[in-house]
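# Notes for the structure review
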Amino acid sequence: MNISQLLAVDLVLAVLAAGAWIAAAWMAISSTADKRPAKPRVVELALLLLGLGVVATAARYALLPALAAGSWWFASERTTISLPLTAIPAAWAAMAGVPYLLRRRNTGPPRSRELPGRIGRTQEWAVLAIVSAAASAIASLALAFVLGPFPAPWTLAVLLFLVAGTVMIARLALFPPFQRSPAPPAPPAPADGSVSPGGGRMVRRRMVGRRTTAAAAVAGLMACTALGSGVFAWLGSRSADGAVITAAVGHHRGVPTAPVVAPIPVTSLLGDLPDNAVVRHYELTARTEHITLPSGESTDAWTFGSLPGPGIEAQLGEVMEVVLRNQDVSAGVTLHWHGYDVPNAMDGVAGATQDAVMPGQSMTYRFLAAQAGTYWYHTHQDSAEGVRKGLYGTFVVHNPTLPRADTDIVVAGHDLGGLGLLGSSDRSSIHEAAPGSSVRVRLINTDSLPQRYLVDGTAFKVAAVDGTEVNQPQEVTGKLLRLGAGGRMDVTFTMPESEVTLRSDSAASAVVVVAPSGSGPASSAGEGAHTAGKADDLSENAADVPEKAQPGVFARTPVLDLLHYGEPVAGTPAPAENVREEVLVLDRQFRFVDGVPRYAFTVNGAAYPLVPSIEVAEGDTIKMTIVNRTAEPHPMHPHGHHVQVLSRNGVAPSGSPLILDTVDVLPGDVWELLLHADNPGIWMDHCHNLDHAAEGMMMMLKYEGVSSDFVHGGHAHNRPE
């Protein structure tokens, strides 16, 4: 089994153990009030449930060595908290409960005259032991589903109090003192021969009444504690609404420094623009519209004027100037440049670097095109809905000193409400390329789920990943390309004499066809960039292309592993010795998100805005360990930075250095990354499954001395995810 499967088995065992202990406790409690001889089948069922609870509890902890072998963070709180919390009550329940239930089956209930002695004490200890095992099993589930991997001390105190309170209530309610000690002697009869009123019965009733009152008081205190904890968590989830982001003040080195007297606002982090640079000017207008796709399917969408938005291109050294206008998208919009390390003021995150651009408003983004490669842009205001509905586009920067491919095609894969697109089409899109000419296909996953691509008809090379060129890429055949959400790959090949097709498992009816032309090298081709006449000719040439991929091809074809692709770069410096380490444990717990209870996606047991920020100073180097304890992939995306992959599941890259801006962390994976803090600002770091980010998997990377006056929520209604 892999780590993800082991984690799933652990949760199943935890639920099974809790169910078995609860049922065993119920039967044990019922037996205290049943004075009839026990039916053998009933007692045997209770013994079976108790045994099942013991076995399930023990099996959970037999998994711990395998989990810890993957990473300590898969077994951390299971070992330090859950193990003693459940193992001790389970052992007590086994030692006290089994003898009692066996005696109960063989001899029936204790006779009343035996209650004050050994048998009455045995019954009490057996029942309380099973109750404590049930309460602890429930607490262990709460640890997994509520407290998480880094529980605060006060939450542990609350958990232990609830377990102890449950046992105390059971003792007070089930075992009043007159069942554990001899009855008080009867008072002497009155001299006149009359009967003394009340007698021992009145004493016992008063004692039972007091015990019932005490049990009710404990139950009330437990309820108030649980309710108070919930209110505290709810208030915390609302703490970011209307609050500004304060500057980091230097605690990241472990030694507090003096507060920053005059923090730098993010709006002043504009970068340096050369005076004589060429300016690439674009204008984008966000709007709502009803679109019809080539298949005839139609849907409501939010777009930047087309789907995807207008392709933006530039060359290194040019200045980008993009004017964003919002025509009628009521949720508001921004422009975020995914994977591009822009100055912080241009990052386009509502509530962190700007206010959302509401209908009738506009904003201009200006920055230097300082990185060549394939990128994309999208809204970062209510992005989970906005990107899904179509507020995205492609962004390519060329290096003028390097030769360009004869045919350059940009393909953005997207799911538009169940309609799978490759580029702008949910059917076939055809491009021409002369046989023997060079072709570059830039793949961009603009969706929130991973995509797999199949290139058929020729061998190819992966020339770049996330905008960074691969060193000495080898030719690939018979492999799929897996793109996590937000990721990019550039595929290059020499055009053969026959068609080359590109398909994706996320767009079953769409296909990109690169068809041979009879002329010389084709000009650069973007999305659908050919004339109508050429399209007709190419359609005839590509008429034999199947409409869909072969059944099962995506299931049986292996995926290219980029960790071992390309060649190492000689002289690559080793990581510095003074790096600081940060651990991000990705998990799921029940949390309040913006005041709404959810089964949230968490980072270190917290949901945004309660996830502690990573605080850095410019020049710091951070080793980040990302651990995925969920059953879903999480493409983690730090804004404004790229990271170098040090290892995945303990295996270091053996091929080209892997530099990423979106790291697709699969279930059970552990990635070690190196981040250089060289771009001051306040940056988002979040899962690019944008629904996961909206449900809590989001945090901040904050530089010392930088602050933001923009607020989450507030009058501007900023909602970055």
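These numbers come from a predicted model, not from an experiment.

If you tally the helices and strands in the protein, you get eleven helices and 33 strands. The 721 residues of the protein split such that 51% are buried. For the protein, restricting intrachain contacts to residue pairs at least 6 apart in sequence, the fraction spanning at least 24 positions comes to 79%. Per element, the accessible surface of the protein, about 30700 Å² overall, is 59% carbon and sulfur.

Further remarks concern empty space enclosed by the protein. This structure, assessed with the given rule, holds seven cavities of 30 Å³ or more. Every residue along the wall of the largest cavity is listed here: V593, D594, Y608, P609, A693, A694, G696, M698, H712, R719, P720 and E721.

Strands sit in the order β13-β21-β20-β15-β18 across an open sheet of five strands; the sheet is mixed. Where the open sheet ends on each side, the last strands, each with one partner, are β13 (428–433) and β18 (481–483). Going across the sheet, the axis of each strand differs from the next one's by a mean of 20°, ignoring polarity.

So, about unusual backbone geometry. A cis amide bond, omega -10°, links L307 with the succeeding residue P308. Residues Y608 and P609 are joined by a peptide bond in cis, for which omega reads 15°. Residue position: P609 is located in the loop between β23 (596–603) and β24 (614–616). The residue Q472 is not glycine, and still its phi comes out positive at about 50°. Of note, Q472 is situated in the loop between β17 (468–469) and β18. In this structure Q472 comes out as exposed when scored by relative accessible area, which is 52%. Of note, N649 is a non-glycine position whose phi angle comes to about 55°, a positive value. Secondary-structure assignment places N649 in the loop between β27 (643–648) and β28 (659–660).

Moving on: the environment of F554. Summarising the element assignment, F554 is placed in helix α10 (residues 553–556). With 101 residues separating them in the primary sequence, F554 and Y453 have C-alpha atoms 8.4 Å apart.

In total, this model carries 25 salt bridges according to the counting rule given. Between R452 and D505 there is a salt bridge whose closest N-O contact spans 3.1 Å. In this pair, R452 sits in strand β15 (residues 451–456) while D505 sits in the loop between β20 (500–504) and β21 (507–516), placing the two residues 53 residues apart along the sequence. The exposure class assigned to D505 is partly exposed, which follows from its relative accessible area of 32%. When the shortest N-O distance is used, the salt bridge between D587 and R629 registers 2.7 Å. Residue D587 is located in strand β22 (residues 580–593), and its partner R629 is located in the loop between β25 (621–628) and β26 (634–638); the two are separated by 42 residues in the primary sequence. Like R629, D587 is buried.

Okay, the nonpolar core next. Counting residues in hydrophobic clusters, the biggest one holds 69 residues, and the most contacted among them are L443, V462, L481 and F493. Sorting elements by how many residues they give to this core places strand β32 (residues 698–703) first, with five residues. Other than its neighbours up to four places away in sequence, F493 contacts S437, S438, V439, V441, T458, A459, F460, V500 and V514. In terms of nonpolar packing, the next biggest core, distinct from the first, is built from 32 residues, L49, L128, A129 and A134 among them.

In this model helix α6 (residues 153–174) runs 32 Å from its N-terminal to its C-terminal C-alpha over 22 residues, within 8% of the 32 Å that 1.5 Å per residue would give. Restricting attention to buried positions, one finds in α6 the residues T155, V158, L159, V163, G165, V167, A170 and L172.

So, on to the environment of G332. Relative to the assigned elements, G332 resides in the loop between β6 (319–326) and β7 (336–338). Taking relative accessible area as the criterion, G332 reaches 1% and is therefore assigned buried. Not counting residues within four places of it along the chain, the set of residues in contact with G332 comprises N326, V357, M358, T379 and Q381.

With respect to the secondary-structure elements, M495 resides in the loop between β19 (488–494) and β20. Note on M495: relative accessible area 3%, which makes it buried. Sequence-wise, M495 and G436 are 59 residues apart; in three dimensions their C-alpha atoms are separated by 5.1 Å. Look past the residues within four positions of M495 in its chain and what remains in contact with it is A433, A434, P435, G436, S437, V439, V500, V514, A515 and P516.

Turning next to the pairing of strand β3 (residues 279–292). Bridge count between β3 and β6: eight bridges; the pairing is parallel. When the sheet's bridge partners are listed, L284 is paired in β6 with L324.

What follows covers helix α2 (residues 40–62). Between its terminal C-alpha atoms α2 stretches 32 Å, which fits the 33 Å expected from 23 residues at 1.5 Å a residue. Buried within α2 we find V43, A46, L47, L49, L50, G53, A56, T57, R60 and Y61.

Turning to its location among the elements, R488 is positioned in strand β19. Look at R488 and you get buried, because its relative accessible area is 1%. In this structure the side chain of R488 is engaged in a polar contact, spanning 2.7 Å, whose partner is the side chain of D661.

All right, on to the sheet that holds strand β8 (residues 362–368) then. Taken together, four strands build an open sheet; the order of strands is β4-β3-β6-β8 and the sheet is mixed. The two strands at the open ends of the sheet, each matched to only one other strand, are β4 (298–303) and β8. Between one strand axis and the next, the sheet turns through 25° on average, direction left out of account.

What counts and what doesn't
- Residues numbered from 1 in each chain as written.
- Predicted model: local features only at pLDDT ≥ 70, side-chain atom pairs only at ≥ 80, totals over all residues.
- Heavy atoms only, no water.
- Helix = DSSP H or I, 4+ residues; strand = E, 2+ residues; numbered from the N terminus.
- Buried < 20%, exposed > 50% of the residue type's maximum accessible area, 1.4 Å probe, protein only.
- Contact = heavy atoms within 4.5 Å.
- Areas by Shrake-Rupley, 256 points an atom, 1.4 Å probe, with all protein chains shown as cover.
- 1 Å grid on protein atoms, 1.4 Å probe; cavity = no way out; pocket = protein on both sides within 12 Å on 5 of 7 lines; lining within 4 Å.
- Points joined across faces, edges and corners; volume = space filled by probe spheres on them.
- Pairing = 2+ DSSP bridges.
- Axes fitted to C-alpha atoms, helices over the stretch in contact; angles between N-to-C directions.
- Salt bridge = Lys/Arg side-chain N within 4 Å of Asp/Glu carboxyl O.
- Core = buried A, V, L, I, M, F, W, Y, C linked by side-chain atoms within 4.5 Å.
- Expected span 1.5 Å × (residues − 1).
- Polar contact = N/O pair within 3.5 Å; in protein donor to acceptor, adjacent residues only side chain to side chain.

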